[in-house]
Amino acid sequence: MSINRPRSGAPHKISPRGVLMIMRKVRDQPRTTQEELVNDLKAPGTTVTEKTIGNTLHQGSPTRRSQTTGSSPIDYSVVRLLIDFSAVAGQ
């Protein structure tokens, strides 16, 4: 049985619920500014800086994925489309 003991370091400034709210808003509206997110958190009484919001977004980034080994298959139809487009644009 583990005992819940105090941990080193400062507690998180943003609650897990606040983090979920930030992630949901950024996912739904990707062009949301950090200042808007700070103002959204002020309503429930959480005072944070834009730097804290940036750190939270970085830690919970949905684009953070492990890279698979090997190369991905090439879609030759896209390559052909790009070659055709570059030939037309060059004329």
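Preceding block: the structure.
Residues numbered from 1 in each chain as written. Predicted model: local features only at pLDDT ≥ 70, side-chain atom pairs only at ≥ 80, totals over all residues. Heavy atoms only, no water.

Peer 1: Would you take a moment to explain helix H2 (residues 34–42) for this structure?
Peer 2: An α-helical turn contains 3.6 residues, so any two residues separated by three or four positions project in the same direction. Those residues of H2 not exposed but buried are Leu37, Val38 and Leu41. Buried positions in H2, seen along its axis, are confined to an arc of 105° and lie on one side of it. (Buried < 20%, exposed > 50% of the residue type's maximum accessible area, 1.4 Å probe, protein only. Helix = DSSP H or I, 4+ residues; strand = E, 2+ residues; numbered from the N terminus. Arc of directions from axis to C-beta.)

Peer 1: It is not clear to me how the layout of surface pockets should be interpreted in this structure. Could you clarify?
Peer 2: Any empty space left between the atoms is revealed when a probe the size of a water molecule rolls over them. Roughly 290 Å³ of internal volume is contained in the largest pocket. Lining of the largest pocket is provided by 13 residues; of these, His12, Lys13, Ile14, Thr56 and Gln59 occupy positions nearest its centre. Contributing elements (two or more residues each) for the lining of the largest pocket: helix H1 (16–28) and helix H3 (50–59). At four residues, the largest contribution of residues to the lining of the largest pocket is made by H3. Of the residues that constitute the lining of the largest pocket, the class distribution is five nonpolar, seven polar and one charged. (1 Å grid on protein atoms, 1.4 Å probe; cavity = no way out; pocket = protein on both sides within 12 Å on 5 of 7 lines; lining within 4 Å. Points joined across faces, edges and corners; volume = space filled by probe spheres on them. Nonpolar A, V, L, I, M, F, W, Y, C, P; charged D, E, K, R; others polar.)

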